[in-house]
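Remarks on the overall topology
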Amino acid sequence: MSKKYAKFLPSSENFELENFPFYWITQVHSQYVLNVDHVLKKYGVDNSRRRLLVALSTKPDASVSELSDMIVSKMSTTTKIVYRLKDEGMVDTYSCENDARITRVVLTPKGLEMTKKINDLMSVVLEQTFEGLTPLQIEKLMESLKHIFKNLAH
């Protein structure tokens, strides 16, 4: 590792936790999930269900595998979430016409309504999250996070 990154590494001599980027990424993510879970509690939806419903609203008729990739979750976990949501009447599943091994997922009217409620609540959380930042700062943050993700995913 080059010296230019040394201060960010736990192995450096004068390491401070506040200088470790992943410390802040996990802190932000954990606080975000806590806030989201708190506002969604009144609808009986947790963050896992929210993530899947929102992903499905952006890609209708997605396969379980596609949803798993979208929400960065193991297939088995995604399958459990799908069937929980199916039991709650928010999604339905069907076998793909071209390949019966592929299970596709679709939002039901109840799921669409819940997704609208979730999006309304999420706008409040996002406004709170980004208070004091300009849209350009948010775009730059997203560019940096996407770049980091690509570096990790290769």
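What you see is a predicted model, and the numbers here were worked out from it, not measured in a lab. (Residues numbered from 1 in each chain as written. Predicted model: local features only at pLDDT ≥ 70, side-chain atom pairs only at ≥ 80, totals over all residues. Heavy atoms only, no water.)

Quick look at helix 5 (residues 109-129)
Given 3.6 residues to a turn, an α-helix orients residues that are three or four positions apart in the same direction. The terminal C-alpha atoms of helix 5, which comprises 21 residues, lie 30 Å apart, in line with the 30 Å expected from a rise of 1.5 Å per residue. Here helix 5 has its buried residues at Gly 111, Met 114, Thr 115, Ile 118, Leu 121, Met 122 and Val 125. Seen along its axis, helix 5 keeps its buried residues to an arc of 140°; they face one direction. Along helix 5, the residues that are exposed and aim more than 90 degrees away from the buried face are Pro 109, Lys 116, Asp 120, Val 124 and Glu 127. Buried-residue contacts for helix 5 involve helix 1 (21-40), helix 2 (47-58) and strand 2 (103-107). (Helix = DSSP H or I, 4+ residues; strand = E, 2+ residues; numbered from the N terminus. Expected span 1.5 Å × (residues − 1). Buried < 20%, exposed > 50% of the residue type's maximum accessible area, 1.4 Å probe, protein only. Arc of directions from axis to C-beta. Contact = heavy atoms within 4.5 Å.)

Thoughts on the environment of Met 114
With respect to the secondary-structure elements, Met 114 resides in helix 5. Under the relative-accessibility criterion, Met 114 is labelled buried at 10%. Separated by 55 residues in the primary sequence, Met 114 and Lys 59 place their C-alpha atoms 16 Å from one another. The residues contacting Met 114, other than those within four sequence positions of it, are Tyr 43, Val 45, Leu 53 and Met 90.

Nothing here speaks to function; it is geometry throughout.
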